[in-house]
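Chain by chain, the residues run as shown.
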Amino acid sequence: AQSVTQPDIHITVSEGASLELRCNYSYGATPYLFWYVQSPGQGLQLLLKYFSGDTLVQGIKGFEAEFKRSQSSFNLRKPSVHWSDAAEYFCASTGYSSASKIIFGSGTRLSIRP
Amino acid sequence: DAGVTQSPTHLIKTRGQQVTLRCSPKSGHDTVSWYQQALGQGPQFIFQYYEEEERQRGNFPDRFSGHQFPNYSSELNVNALLLGDSALYLCASSLGPGQDGSPLHFGNGTRLTVT
């Protein structure tokens, strides 16, 4: 069955430091992959998406993610975090034949140390 | 450009009652998906509506039902509420379902508390 795993429940990073949030997917073919961010009490906002082509994807707010087929991973990165990046981050995927049925990981909560 | 709007924002119900949550999709979108997000968890797919029909369904009991109207807006109904139904219910709209992988645009959710 299709699944998305985010192994880190909570990460704390100092402001200005680099960030990498991990995501692994389980699906036979190459899925569509997404990263969403959720601020407290809010809905989810799309940061970036990967469908095909270049494996390094640029998103909003300075985020990027790299698709690695050999590792079934789609890790999210940011070179320098800001206090406003503190939020919950969700990796998600949809199977090739399951249009718009997007499956989410359990999320990683990001805290920023001043 | 109006995004996805959900109502109400908060709701308190008693066990055994029924509840209806409402969603208006983003302008130009024709597909609505509903998700349940329990505290500290990722969103869980409930079902998806397109052309006024339920197209896909997640692992939720029949107590969860929905409807889509000709203007693409949607309702989520939950009957015989249980304490475990307490969660944030998120509505998301997209283009599709023919648009494979069409990103979801989320509303801010309805916080349902069952006492």
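To start, this report covers the structure provided alongside it. (Residues numbered from 1 in each chain as written. Chains lettered and ligands numbered in written order. Predicted model: local features only at pLDDT ≥ 70, side-chain atom pairs only at ≥ 80, totals over all residues. Heavy atoms only, no water.)

Right, let's talk about the overall build of chain B for a bit. When helices and strands are tallied, chain B shows zero helices and 11 strands. Listing every helix and strand of chain B by position from the N terminus yields β-β-β-β-β-β-β-β-β-β-β. Principal-axis analysis of the C-alpha atoms gives chain B an extent of 40 × 25 × 25 Å. Per-residue burial for chain B yields a buried fraction of 52% across its 115 residues. Intrachain contacts of chain B at a sequence separation of at least 6 include 54% that bridge at least 24 residues. (Helix = DSSP H or I, 4+ residues; strand = E, 2+ residues; numbered from the N terminus. Buried < 20%, exposed > 50% of the residue type's maximum accessible area, 1.4 Å probe, protein only. Contact = heavy atoms within 4.5 Å.)

Right, let's get into the pairing of strand β12 (residues 108-113) of chain A. Residue and element names in this part refer to chain A. In terms of strand pairing, strand β2 (residues 10-14) meets β12 through five bridges, oriented parallel. Bridging across to β12, I11 finds its partner in L110. Pairing between strand β10 (residues 87-94) and β12: three bridges, direction antiparallel. Within β12, the position partnered with E88 by the bridge is R109. (Pairing = 2+ DSSP bridges.)

We now examine the sheet that holds strand β1 (residues 5-7) of chain B. All names here are of chain B. Here four strands make up an open sheet; going across it, the order is β1-β3-β8-β7 and the pairing antiparallel. In this open sheet, the two strands that pair with only one neighbour each are β1 and β7 (64-68). Strand-to-strand twist in this sheet, taken as the mean axis angle between neighbours without regard to direction, amounts to 20°. Direction of pairing for strand β3 (residues 19-24) relative to strand β8 (residues 74-78): antiparallel, over a ladder of five bridges. Residue pairing across strands places C23 opposite S74, the latter belonging to β8. (Axes fitted to C-alpha atoms, helices over the stretch in contact; angles between N-to-C directions.)

Residue and element names in this part refer to chain A. With the rule as written, the count across this model stands at 16 aromatic pairs over all chains. Note on Y32 and F51: the rings are 4.8 Å apart at their centroids and 80° apart in plane angle, and the pair reads as edge-to-face. Remark: F51 occurs in the loop between β6 (44-50) and β7 (56-58) and Y32 occurs in strand β5 (residues 32-38); sequence separation between them is 19 residues. A residue is classified by how much of its surface remains accessible, and F51, at 31% relative accessible area, is partly exposed. Ring geometry for Y50 and F74: centres 6.3 Å apart, planes at 45°, overall tilted. (Phe/Tyr/Trp six-rings, centres within 6.5 Å; stacked < 30°, edge-to-face > 60°.)

With that out of the way, let us pick up the environment of S39 of chain A. As for its position among the elements, S39 of chain A is in the loop between β5 and β6. The exposure class assigned to S39 of chain A is partly exposed, which follows from its relative accessible area of 36%.

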